[in-house]
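Coordinate inspection notes
What follows is each chain in one-letter form.
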Amino acid sequence: MNVRDALRFDREHIWHPYTSMTDPLPVLPVESASGCRIRLADGQDLIDGMASWWSAIHGYNHPVLNAAVERQLSKMAHVMFGGLTHEPAVELARALIGATPEPLRHVFFADSGSVSVEVAIKMAVQYWHARGRPQKTRLLTIRRGYHGDTLGAMSVCDPVTGMHSLFAGILPQQVFVAEPRCAFGAEWDESDIGEFRSAIGRHAGELAAVILEPVVQGAGGMRFYSPHYLKRVRELCDEHDVLLVADEIATGFGRTGRLFACEHAGISPDIMCVGKALTGGYMTLAAVLATGRVAYGVSEGGGVFMHGPTFMANPLACAVSLASVNLLLESPWQARVAAIGESLRAGLAPCRELGCVADVRVLGAIGVVETKRSCVVEAFQKAFVARGVWVRPFGRVVYVMPPYVMGKDELAALATAIVDVLSLADGAEAEFFEPGSRGG
Ligand SMILES: *Cc1c(COP(=O)(O)O)cnc(C)c1O
């Protein structure tokens with residue numbers, strides 16, 4: 001393949017995430033990836049700070065995960081899940097039920113995170129329908145959330161960053177309250193739950209479920225909020241007979257320091273979505289877990305759950321997921337995540353001194369530098385690549401969530417590059433930040 005031709009074709013014919021066809025951002029051709037390194041077509045190696053959007057927790061090209069795919073491939077790549085089942089699906093479901101909080105014991109396999117959110121919403125709506133309360137169809141959520149790009153999922157994303165105005169008229173109208181103000185680790189302030197408390201009280205009769213990302217709001221701004229908030233949400237859902245859906249698609253599988261972020265609050269949702277790191281970053285798969293109350297409730301009166309994608313429980317994806325979950329649980333993941341957190345805390349601290357930086361925060365194996373103005377992605381990307389790292393900011397956050405297997409030296413190099421690039425940006429604001437201040 002001629003790289004220049006490929007790049008021209010790509011530019012003219014292929015959409016990348018959130019890009020324009022008339023003026024696309026530049027993309028870099030990748031030749032291969034291994035461990036914590038991404039190798040570009042020109043031979044340059046980049047230290048990967050993104051784990052391909054939370055997913056590649058064991059690094060790339062992992063021998064155990066490769067072997068799981070190859071073993072399954074020699075048996076079958078896929079069979080339909082209607083009327084058939086297979087060992088990878090059964091064993092993965094068993095592993096997920098074992099790893100997630102009780103009493104989540106029923107599993108629906110979905111194609112992607114967004115689809116799992118659709119499935120969770122449909123499950124909640126069907127539950128109330130079967131229980132004779134068909135008016136309970138709306139969702140209550142918090143601002144600054146992100147739940148995916150399909151229409152149902154978009155309806156519960158933050159109305160501003162989720163561009164609700166663009167899709168006004170076709171998105172279901174959900175109930176929003178302000179995002180939690182009490183940060184993770186800060187002293188809990190009971191007034192923080194006030195708006196949520198009154199909203200759930202006012203709307204309970206029409207609410208099927210509350211949906212939120214537990215503790216970490218990811219793509220809506222990388223905010224870490226108090227687990228006390230989540231605890232109150234669980235209590236209020238019970239009090240008002242509203243289901244709780246926890247979107248653990250980004251937070252699941254150890255990223256926040258607990259296997260699932262709900263554990264920070266010691267709560268269990270009625271429905272949980274997992275995805276991203278589920279397959280260790282090998283391919284797309286997500287799962288929705290539900291309690292017996294929800295799963296059996298949906299079928300009260302003989303109904304069936306109305307969803308069944310073509311590639312449901314794809315055996316290759318299930319096999320690699322099972323290998324990934326086992327690899328994680330057999331590894332010293334708590335110690336690794338804690339060590340990454342410490343490294344990032346120390347390494348990113350100098351950013352606090354920079355005028356362009358509003359906040360620096362670390363939770364689990366997630367490091368965030370929040371800037372005062374929106375980042376010019378292209379400028380940052382170029383500066384990071386020149387320093388041998390792969391970090392891609394969005395909005396006002398420069399953030400990393402490295403593979404758990406990243407070593408001390410690579411972590412230090414990653415943090416140094418972030419400090420260097422932000423120092424550079426501090427002196428060249430016009431090049432690195434969008435015009436107009438969006439405040440601290
Ligand atoms: C990424 C993400 C999704 C969407 O998952 P896709 O696999 O991209 O469809 C949903 N919710 C959260 C919290 C996510 O981080």
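For the structure given in this document, a descriptive report is provided here.

What counts, and where the lines are drawn
- Residues numbered from 1 in each chain as written.
- Predicted model: local features only at pLDDT ≥ 70, side-chain atom pairs only at ≥ 80, totals over all residues.
- Heavy atoms only, no water.
- Axes fitted to C-alpha atoms, helices over the stretch in contact; angles between N-to-C directions.
- Helix = DSSP H or I, 4+ residues; strand = E, 2+ residues; numbered from the N terminus.
- Left-handed = near helix turned anticlockwise from the far one by under 90°.
- Contact = heavy atoms within 4.5 Å.
- Nonpolar A, V, L, I, M, F, W, Y, C, P; charged D, E, K, R; others polar.
- Polar contact = N/O pair within 3.5 Å; in protein donor to acceptor, adjacent residues only side chain to side chain.
- Parallel < 35°, antiparallel > 145°, perpendicular 65-115°, else oblique.
- Phe/Tyr/Trp six-rings, centres within 6.5 Å; stacked < 30°, edge-to-face > 60°.
- Buried < 20%, exposed > 50% of the residue type's maximum accessible area, 1.4 Å probe, protein only.

A short note on the packing of helix H4 (residues 87-99) against helix H10 (residues 315-330)
Close contact between H4 and H10 brings their axes to 8 Å; oriented N to C, the two are set at 35°. Here H4 and H10 pass one another in a crossing that is left-handed. Each of Pro88, Ala89, Glu91, Leu92 and Ala95 in H4 lies in contact with H10, whose residues at this interface are Pro315, Cys318, Ala319, Ser321, Leu322 and Val325. Looking at the contact of H4 with H10 residue by residue, the classes come out as nine nonpolar, one polar and one charged.

Concerning the side chain of Gln381
For Gln381, the position within the fold is in helix H12 (residues 377-386). Looking at Gln381, its side chain comes within polar contact range of the side chain of Arg392, at 2.6 Å. Leaving out residues up to four positions away in the same chain, Gln381 has contacts with Pro26, Leu28, Trp390, Val391 and Arg392.

So, the packing of helix H11 (residues 333-348) against helix H13 (residues 408-426)
Where H11 meets H13, the axes come as close as 9 Å, and the angle between the chain directions of the two elements is 30°. As judged from the angle between their axes, H11 and H13 are roughly parallel. As for the relative orientation of H11 and H13, their crossing is right-handed in sense. Judged by residue contacts, Ile340, Ser343, Gly347 and Leu348 of H11 engage Leu411, Ala415, Ile418 and Val419 from H13. Here the residues of the contact of H11 with H13 are counted per class, giving six nonpolar, two polar and no charged.

Description of the packing of aromatic side chains
The full count for this structure, using the stated rule, is ten aromatic pairs. Centroid distance Tyr127 to Trp128: 4.8 Å. Interplanar angle 80°. Geometry classified as edge-to-face. The two residues Tyr127 and Trp128 agree in class, both being buried. Look at Phe196 and Tyr229: their rings are 6.2 Å apart centre to centre, the planes differ by 70°, and that puts the pair in the edge-to-face class. Of this pair, Phe196 sits in helix H7 (residues 194-203) while Tyr229 sits in helix H8 (residues 227-240), and the two are 33 residues apart along the sequence.

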